[in-house]
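One-letter residues, chain by chain:
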Amino acid sequence: HNNTYHLFRDTRKLVSHLPTNSISVFALFKNEPEAIIVSWMDYYIKYVGVTHFVLYYNGIISESKTVTGLIERMAREKRTVVIVEWNQPYKRLLNSTNVSEGKYQRVALTTAMHSAFYRLRDGVNWMIFSEIGDYIIKNTTDYNLDKYLAACKENDAGVVVFNRTYLGYMFA
């Protein structure tokens, strides 16, 4: 695999562009600035050991200067990033036709996560489902995510859950 970005509108070929023995990070994004996305990626590469990213863009890529700039940067920096165009409504009204009374479901995020899980379930060892701005923080200096996940795999753990704490945007 070459270390560069891949752009998909059809997710059926997604898994063929990712190394199988690795940790992937998934995120859905829309309005985050390029600098924030790159900083978030740098953190996961440097501190968590992530080798590649699967980013679903909730919109039309050709209409976003942020995404086209991100794509150009990923190509220049030779990063392994898959960007999927996922132009879905962000949320959907569930139980009422009256917007002020209705409850919403985050449709774009849940359907993107289902798509990524379905497409990648046989192709990657571990997938971190995250949002831009969410971080896995090591609570000790000797913590090694690779060893932890290897032990989980030995014990047939299929899902590992981390506590979520929002710390705002961090720059690595």
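Keep in mind the model is a prediction, meaning the values are calculated, not measured.

For the protein chain, the helix and strand inventory stands at 4 helices and 7 strands. Sorting the 172 residues of the protein chain into buried and exposed places 41% on the buried side. Contacts in the protein chain between residues far apart in sequence, at least 24 positions, make up 75% of those at least 6 positions apart. Surface summary for the protein chain: the accessible area is close to 10300 Å², and the carbon and sulfur share equals 50%.

Turning our attention to helix H3 (residues 107-120). Here H3 spans 20 Å end to end across 14 residues, near enough to the 20 Å set by a 1.5 Å rise per residue. Those residues of H3 not exposed but buried are Val107, Ala108, Leu109, Ala112, Ser115, Ala116 and Leu120.

Before going further, it helps to spend a moment on the pattern of salt bridges. By the definition in use, this model includes 4 salt bridges. We note a salt bridge from Glu77 to Arg73, for which the minimum N-O separation is 2.9 Å. Here Glu77 and its partner Arg73 are both found in helix H2 (residues 65-77), 4 residues apart, which amounts to about one turn of the helix. Among the residues examined, Glu77 registers a relative accessible area of 34% and is labelled partly exposed. Put simply, Glu34, Asp42, Arg73, Glu77 and Arg79 are held in one network by salt bridges that share partners.

This brings us to the packing of helix H1 (residues 34-48) against H2. Two elements in contact, H1 and H2, have axes whose closest approach is 10 Å; the angle formed by their N-to-C orientations is 40°. By the angle between their axes, H1 is oblique relative to H2. The crossing of H1 and H2 is right-handed. Contacts from Glu34, Ile37, Val38 and Met41 of H1 reach H2 at Thr66, Gly69, Leu70, Arg73 and Met74. Here the contact of H1 with H2 is composed, by residue class, of 5 nonpolar, 2 polar and 2 charged.

Attention now moves to the nonpolar core. Nonpolar side chains in soluble globular proteins generally cluster together in the buried interior. Membership of the largest hydrophobic core comes to 31 residues, with the highest contact counts inside it found for Trp40, Tyr44, Phe53 and Leu55. Looking at this core, the elements that each hand over two or more residues are strand E2 (23-29), H1, strand E3 (52-57), H2, strand E4 (81-85), strand E7 (126-129) and helix H4 (145-154). Among the elements that take part in this core, H1 stands out by supplying 8 residues, more than any other. Of all hydrophobic cores here, the second largest spans 14 residues; its members include Phe26, Ala112, Val124 and Met127.

Under the criterion given, the structure shown has 10 aromatic pairs. Ring plane angle 40° and centroid distance 5.0 Å describe the contact between Tyr43 and Tyr47, whose orientation is recorded as tilted. Residue Tyr43 and its partner Tyr47 are located together in helix H1, separated by 4 residues, close to a single helical turn. In this structure an aromatic cluster arises from ring pairing among Trp40, Tyr43, Tyr44, Tyr47, Phe53 and Tyr135.

About the cut-offs
Residues numbered from 1 in each chain as written. Predicted model: local features only at pLDDT ≥ 70, side-chain atom pairs only at ≥ 80, totals over all residues. Heavy atoms only, no water. Helix = DSSP H or I, 4+ residues; strand = E, 2+ residues; numbered from the N terminus. Buried < 20%, exposed > 50% of the residue type's maximum accessible area, 1.4 Å probe, protein only. Contact = heavy atoms within 4.5 Å. Areas by Shrake-Rupley, 256 points an atom, 1.4 Å probe, with all protein chains shown as cover. Expected span 1.5 Å × (residues − 1). Salt bridge = Lys/Arg side-chain N within 4 Å of Asp/Glu carboxyl O. Axes fitted to C-alpha atoms, helices over the stretch in contact; angles between N-to-C directions. Parallel < 35°, antiparallel > 145°, perpendicular 65-115°, else oblique. Left-handed = near helix turned anticlockwise from the far one by under 90°. Nonpolar A, V, L, I, M, F, W, Y, C, P; charged D, E, K, R; others polar. Core = buried A, V, L, I, M, F, W, Y, C linked by side-chain atoms within 4.5 Å. Phe/Tyr/Trp six-rings, centres within 6.5 Å; stacked < 30°, edge-to-face > 60°.

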